[in-house]
Amino acid sequence: MELEEKKPDPKYGDSRKFDPNFKGPLHNRGCTDILCCILFILALLGYFAVGIIAWSQGDPRKVIYPTDSRGQFCGQAGTPLEKKPLLFYFNILKCASPLVLLELQCPTTQLCVESCPDRHLTLVKAKLGSKEDREYFQQYCKDGVDFAKLSPPEILKEGLCPAMLMPSKAFTQRCLPALGTMKGGVVVVGNETTFDAGQGYNINATDVLEASKKSNVVIEARQVAMRIFEDYTHSWHWILLGVVIAMVVSLIFIVLLRYLAGIMVWVMIVLVILVLGYGIFHCYMEFASLKGEPGSDVTIRDLGLQTDFSVYLQIRQTWLAFMIILAIVEVVIILLLIFLRKKIMIAIALIKEASRAIGYVMSSLFYPLLTFALLAVVIAYWAITAVFLSTSNEQVYKVFNNSDCEYSRETCDPKTFNTSNISAQCPDAECLFAFYGGETLYHKYLILFQFYNVFLFFWCANFVTALGQVTLSGAFASYYWAFKKPDDIPAYPIFSSLGRALRYHTGSLAFGSLILSMVQVIRVILEYLDHKLKDAQNKCAKFLLSCMKCCFWCLEKCIKFLNRNAYIMIAIYGKSFCPSARDAFFLLMRNIVRVAVLDKVTDFLLFLGKLLIVGIVGIFSFFFFSGRIRTMEEAAPSLNYYWVPILTLVVASYLIAHGFFSVYAMCVDTLFLCFLEDLERNDGSAERPYFMSQNLLSLLKKSNEEAKTVD
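Residues numbered from 1 in each chain as written. Predicted model: local features only at pLDDT ≥ 70, side-chain atom pairs only at ≥ 80, totals over all residues. Heavy atoms only, no water.

## A few points about the overall build of the protein chain
Just so we agree on the cut-off: Numbering of helices and strands runs from the N terminus, with a helix taken as a DSSP run of H or I at least four residues long and a strand as a DSSP run of E at least two residues long. We get accessible surface area from the Shrake-Rupley algorithm with a probe of 1.4 Å; when it comes to residues, only the shown protein chains can shield them.
In terms of regular secondary structure, the protein chain is built from 23 helices and twelve strands. When the accessible area of the protein chain is evaluated, it comes to approximately 36,800 Å², of which 63% is carbon and sulfur surface.

Right, dumping it as structure tokens:
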């Protein structure tokens, strides 16, 4: 059966010629892109070397434990400070912001303590007060302070004790002022608005707030984080059950697609519309039920940022926003379905063929587990190396003083400081731990090591993704080019394809992933610059930066598309990356109408499948965790924020559905390119029969009709 074909544009190359010996992925192939393979291996060896250097120089304890003025770790097991896990600041007012505290660069004496102060007490009052006050105050002084022999001025001059204590709370193992607000917005510390500084003057609570101006926000965030963590501890087993249900639903959906592809696609379309429609209906009912309720007409802007997110569900504007968003999504999907109604029938035939291919290569459904495991290893290695690199700096001590001193903020050595000229010329100066740094050759190039770590992370992650794409495309191409299915399909198509990819095409995979990684690193740099210029007033620079971010985002998407199709051609023909990318691009351009008619419509239908699974899991989890299912109301855990497990399950179900449907998407893309190759190689005659099935023959007829309609 010969079908009429439109003559391709010669600028996109010649069509494939008939080859009686071609029967799918070539087994007689050679190594490709050897130079890039060698470069990738050398880069990995360098990556391992950076990791070894980082692990030998780094000390994660600098992240885990706070460090006092002597550079000792608070709360570290096996040390004298094991029972003193918290860091106390002598004069918190010298700290500009909590960020300074977290970086351990506050210019005041820092001491490891067992607990934070819970009362206001000055040094003078402790000196003149009871024995209990003296003992309580002395635990926040340096070791060896004798209250009986030294007067308060002498103690303060030597920097042995703080001038005062104020009520504090532990945050990230550091004692921060217990800031709060009373009615009217009055700032208080431990229910006091002013208190004695212990040096002849009073301090307002607002001064403390200014010194740690962001601590209120941080503490609020900590409270939210603790509530979220508490919700996870109460609902983790239900979340795990929901993840299992999402996996089962995804697997059932894939299996049903195998046998009932046409019916399942239409069921999927109808259910997506119904799920979104129910979401709109539910939002409207909530919006209507709040009419006339006290406080329900408050706007989100007037409400501001609240730590109790359930407050937002008590105002009508929230449900109105949800309803509008869902309505827009519903209208867009319905309009797309109306305009693509003829093309959907064509795409269903391709999905049926993909279902048949996956049915013969069932092991492909489990391959994403290997990809996930390899990506987990890459992410773990990058994260550990980054931590060790960031903690591989040495302790740097600086001169801190209250009066004028020419040596102020200079580097010093605490071991020899008391015998140096600095202490003689500046009697009130101290040599205190300032931060982690260093001036050695290693520390000078530390930023390059961090950049190398990030770059190799992208390269390795993209390589793992490319390996999965080549492996799956090779297996599905073996299915397509098997003339007698399933007799001509290899016994272990996944393992055979994986072996060919690793043995012959490591260099090509490294080449493609290298190009993509370079673009991604540039995007990271642009995001970093955008963050730095966020408060800049130069609108022209902001505009240019936004344009560059948009351009590189588009470039990344284009490269991903080209790489994906190039890997399919590599799996089939075993050529190098550049010739494969060129052949794939020219093949798609010679059949650009079919690309729009079939491939993209099929991707849209598969996206609806993901959306359906996410919607089903999200709706059931909403009713369960919000306690709206009366029969299971007692089984539902009591939570601070019931949206925490719901949002977690929605994200997890999407990732699971994406993992299963990514196999389907790769199968569709591979079959589509093979279909175009088959169309150019053969004519359906007895001498040159098509490898495609009867479904795809019907697909071809309809595709030709669509192409003529477009022309």
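From this point, the narrative continues.
## Some words on the packing of helix 16 (residues 446–480) against helix 19 (residues 539–573)
Selection criterion: In this description, a line fitted to the C-alpha atoms serves as the axis of each element, helices being fitted only across the stretch in contact, and the angle between N-to-C directions of two axes falls anywhere from 0 to 180 degrees. Each angle is binned into one of four classes, with values under 35 degrees roughly parallel, values over 145 roughly antiparallel, values of 65 to 115 roughly perpendicular, and all other values oblique. Note on convention: the crossing is left-handed when the near helix lies turned anticlockwise from the far helix by less than a right angle, right-handed when the turn is clockwise. We call two residues contacting when some pair of their heavy atoms lies within 4.5 Å.
Their axes nearest at 8 Å, the elements helix 16 and helix 19 cross at an angle of 50 degrees. As judged from the angle between their axes, helix 16 and helix 19 are oblique. Relative to helix 19, the crossing made by helix 16 is right-handed. Mapping the contact onto sequence places A466, Q469, V470, S473, G474 and A477 in helix 16 and R564, Y567, I568, A571 and I572 in helix 19.

## Structural notes on the state of the cysteines
A covalent bond between the sulfur atoms of two cysteines is what we call a disulfide. Heads up, the condition is: What counts as a disulfide here is a pair of cysteine sulfur atoms lying within 2.5 Å.
Counted by the stated rule, this structure contains three disulfides. Between the sulfur atoms of C74 and its disulfide mate C112 the distance is 1.9 Å. Across the S-S bond linking C74 and C112, the dihedral sits near -75 degrees, which makes this disulfide left-handed. Here C112 lies in strand 2 (residues 110–113) and C74 lies in the loop between helix 2 (61–64) and strand 1 (86–89), a separation of 38 residues in the sequence.

## Topic: the environment of V270
As for its position among the elements, V270 is in helix 9 (residues 261–289). Counting along the chain gives 342 residues from V270 to L612, while the straight-line C-alpha distance between them is 9.8 Å.

## Considerations on the side chain of N563
With respect to the helices and strands, the residue N563 is situated in helix 19. The residues contacting N563, other than those within four sequence positions of it, are G512, L516 and F577.

## Here we look at the packing of aromatic side chains
For the record, the criterion: Each pair of aromatic rings taken from Phe, Tyr and Trp, with Trp reduced to its six-membered ring, is defined by centres within 6.5 Å and is described as stacked if the planes are under 30 degrees apart, edge-to-face if over 60, and tilted in the remaining cases. Burial classes follow relative accessibility: with a 1.4 Å probe on protein chains only, a residue under 20% of its type's maximum area counts as buried, one over 50% as exposed, and anything between as partly exposed. Sitting over a ring, as applied to charges here, requires NZ of Lys or CZ of Arg to be within 6 Å of the ring centre and within 35 degrees of the ring normal.
All chains considered together, the criterion is met by 24 aromatic pairs. Ring plane angle 50 degrees and centroid distance 4.7 Å describe the contact between W238 and F624, whose orientation is recorded as tilted. Remark: F624 occurs in helix 21 (residues 592–625) and W238 occurs in helix 8 (residues 215–259); sequence separation between them is 386 residues. Judged by relative accessible area, which is 9%, F624 ranks as buried. An aromatic cluster of three or more residues is present, and its members are Y47, F48, W55, Y381 and Y452. Over the aromatic face of Y136 sits the side chain of R119, whose NZ or CZ is 3.9 Å from the ring centroid.

## Description of the pattern of salt bridges
One side chain can pair with another of opposite charge once the charged atoms of both are near each other. Test applied: Between Lys or Arg on one side and Asp or Glu on the other, a salt bridge is scored when a side-chain nitrogen of the former is within 4 Å of a carboxyl oxygen of the latter.
Per the stated rule, a full pass over the model turns up eight salt bridges. One salt bridge connects R523 with E556, and the closest N-O pair in it is separated by 2.5 Å. Taken together, the residues R523 in helix 18 (residues 506–532) and E556 in helix 19 connect sequence positions 33 residues apart. Look at R523 and you get partly exposed, because its relative accessible area is 24%.

## Looking at the pairing of strand 6 (residues 174–177)
Definition in use: What makes two strands pair is DSSP finding at least two bridges between them.
The alternating pattern of strand 6 places R174 and L176 and C175 and P177 on opposite faces, both of which are buried. Of the pairings in the sheet, the one linking strand 5 (residues 168–171) to strand 6 comprises four bridges and is antiparallel in character. Counterpart to A170 in the pairing with strand 6 is C175.

## Digging into unusual backbone geometry
Notably, D33 is not glycine yet its phi reads approximately 50 degrees, a positive angle. With respect to the helices and strands, the residue D33 is situated in the segment before helix 1 (34–57).

## Let's talk about helix 1
Threshold: By this rule, a helix spans an expected 1.5 Å times one less than how many residues it contains.
Along its 24 residues, helix 1 runs 34 Å from first to last C-alpha, staying within 8% of the 34 Å computed at 1.5 Å per residue. Where helix 1 is concerned, the buried positions are C36, C37, F40, A43, Y47, V50, G51 and A54.

## What to know about the confidence of the model for the protein chain
Applicable threshold: In predicted models, pLDDT denotes the confidence assigned by the predictor to each residue on a 0 to 100 scale.
Predicted confidence across the protein chain gives a mean pLDDT of 77, with 76% of residues reaching 70 or more. When pLDDT is averaged over each element of the protein chain, helix 1 comes out on top at 92 and helix 3 (residues 98–102) at the bottom at 40. Residue range residues 1–5 is modelled with pLDDT below 50. Its contacts to residues more than four positions away, or to other chains, number 18 contacts. Contacts for the low-pLDDT stretch residues 209–219, under 50 throughout, to residues beyond four places or in other chains number 23 contacts.

## Here we look at the packing of helix 16 against helix 22 (residues 643–681)
One can describe the packing of helix 16 onto helix 22 by two numbers: an axis separation of 9 Å at closest approach and a directional angle of 50 degrees. Here helix 16 lies oblique to helix 22, going by the angle between them. For helix 16 against helix 22, the interelement crossing comes out right-handed. Residues Q469, L472, S473, F476, A477, Y479 and Y480 of helix 16 form the contact with helix 22, whose participating residues are V663, M666, C667, T670, L671, C674, F675 and D678.

## Things to note about the nonpolar core
To be explicit about the condition: We define a nonpolar core as any set of buried Ala, Val, Leu, Ile, Met, Phe, Trp, Tyr and Cys residues linked to one another through side-chain atoms lying within 4.5 Å.
Of all hydrophobic cores here, the largest spans 104 residues; its most connected members are L605 and L608. Judged by nonpolar contacts, the second largest core, of 20 residues, contains F90, Y136, Y140 and L160.

## Considering the side chain of E556
When its relative accessible area of 6% is taken as the criterion, E556 is described as buried. Non-local contacts of E556, meaning those with residues more than four positions away in its chain, are made with L516, V519, Q520 and R523.

## As for the environment of L509
Looking at the element boundaries, L509 is found in helix 18. L509 gets classed as buried once you look at its relative accessible area, which sits at 0%. Along the backbone, L509 and F463 are 46 residues apart, and their C-alpha atoms lie at a distance of 6.1 Å. With residues up to four places along the chain from it excluded, the contact list for L509 reads F463, A466, L467, V470 and Y567.

## Here we look at the environment of K610
Take K610: it is sitting in helix 21. The spatial distance from the C-alpha of K610 to the C-alpha of F660 is 9.3 Å, given a sequence separation of 50 residues. Discounting residues that sit within four places of it in the chain, K610 has contacts with Y654, A657, H658 and F661.

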